[in-house]
Amino acid sequence: PPGGGGGGGGGYNAKQHVFVSSHLERASRSAASFAHGLFDGSGPPQMGGYLPVHVQTPKETERDGLLRFVDHCPRYEQLIKHQGGLLERNAFRDGPEVEQAASGISKR
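Bear in mind the structure is a predicted one, so any value in this text is a computation, not a measurement.

Draft legend 1. Up close: the overall build of the protein. Along the backbone of the protein there are 4 helices and 2 strands. Overall, the protein shows an N-to-C arrangement of helices and strands of β-α-β-α-α-α. Across the 108 residues that make up the protein, the buried fraction comes to 20%. For the protein, the proportion of contacts with a sequence separation of at least 24, taken over those separated by at least 6, is 53%. Element-wise, carbon and sulfur atoms account for 55% of the exposed surface of the protein, whose accessible area totals about 8,200 Å².

Shown next, in the form of structure tokens:
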């Protein structure tokens, strides 16, 4: 209902509800969509209940250790980013899960 929102507690308040996202566009859009779903309908009737919310995003040059933890992990850099995840992908491809699935499909 207007003024109430889906959050169950009186609508959006920038001092009480803080949304933080990484600098990536898809992440900030996801945060905004989440907030929209949480407070849907709590905005003014002339805006169709839409209520814009503030999403904090660090500058692209800042590295956020919590939201972008992979940026600070040397092992991730070595195994995934620079090798394209080949080690993990190959281990999965050659592992028992894929073998079992392939065996089940070939029996059909």
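Draft legend 2. Expanded view of helix 1 (residues 25-38). The terminal C-alpha atoms of helix 1, which comprises 14 residues, lie 20 Å apart, in line with the 20 Å expected from a rise of 1.5 Å per residue. Listed in full, the buried residues belonging to helix 1 are Ser28, Ala31 and Ala35. One side of helix 1 holds all its buried residues, which, seen down the axis, span an arc of 60 degrees. Seen from the open side of helix 1, the exposed residues pointing more than 90 degrees away from its buried face are Glu25, Arg26, Arg29 and Phe34. Contacts from the buried residues of helix 1 go to strand 1 (19-20) and strand 2 (55-56).

Draft legend 3. Here's a closer look at the environment of aspartate 94. Note that aspartate 94 resides in the loop between helix 3 (86-93) and helix 4 (96-106). Separated by 3.1 Å, the side chains of aspartate 94 and arginine 93 make a polar contact.

Draft legend 4. View of the pattern of salt bridges. This model, assessed by the stated rule, comprises 2 salt bridges. With its nearest N and O atoms 2.6 Å apart, the salt bridge here joins glutamate 25 to arginine 29. Of this pair, glutamate 25 and arginine 29 are both found in helix 1, 4 residues apart, which corresponds to roughly one turn of the helix. Judged by relative accessible area, arginine 29 falls into the exposed class, the value being 56%. In this structure, aspartate 94 engages arginine 93 in a salt bridge whose closest nitrogen and oxygen atoms are separated by 3.1 Å. In this structure aspartate 94 comes out as exposed when scored by relative accessible area, which is 54%.

Draft legend 5. Representation of the packing of aromatic side chains. Under the defined criterion, the tally for this structure stands at 2 aromatic pairs. Summarising the aromatic geometry, the rings of phenylalanine 19 and phenylalanine 34 are spaced 6.3 Å apart at their centres and angled 65 degrees between planes, so their arrangement reads as edge-to-face. Pair noted here: phenylalanine 19 is in strand 1 and phenylalanine 34 is in helix 1, with a separation of 15 residues, a long-range link. The class of phenylalanine 19 is buried, set by a relative accessible area of 10%. The exposed category is assigned to phenylalanine 34, whose relative accessible area is 53%. Ring geometry for phenylalanine 19 against phenylalanine 39: centres 6.3 Å apart, planes inclined by 85 degrees, an arrangement best described as edge-to-face. Highlighted residues: phenylalanine 19 in strand 1 and phenylalanine 39 in the loop between helix 1 and strand 2, separated in sequence by 20 residues. Through pairs of rings, three or more aromatic residues link up here, namely Phe19, Phe34 and Phe39.

Each value, and the rule that gives it
Residues numbered from 1 in each chain as written. Predicted model: local features only at pLDDT ≥ 70, side-chain atom pairs only at ≥ 80, totals over all residues. Heavy atoms only, no water. Helix = DSSP H or I, 4+ residues; strand = E, 2+ residues; numbered from the N terminus. Buried < 20%, exposed > 50% of the residue type's maximum accessible area, 1.4 Å probe, protein only. Contact = heavy atoms within 4.5 Å. Areas by Shrake-Rupley, 256 points an atom, 1.4 Å probe, with all protein chains shown as cover. Expected span 1.5 Å × (residues − 1). Arc of directions from axis to C-beta. Polar contact = N/O pair within 3.5 Å; in protein donor to acceptor, adjacent residues only side chain to side chain. Salt bridge = Lys/Arg side-chain N within 4 Å of Asp/Glu carboxyl O. Phe/Tyr/Trp six-rings, centres within 6.5 Å; stacked < 30°, edge-to-face > 60°.

These figures capture arrangement, not role.
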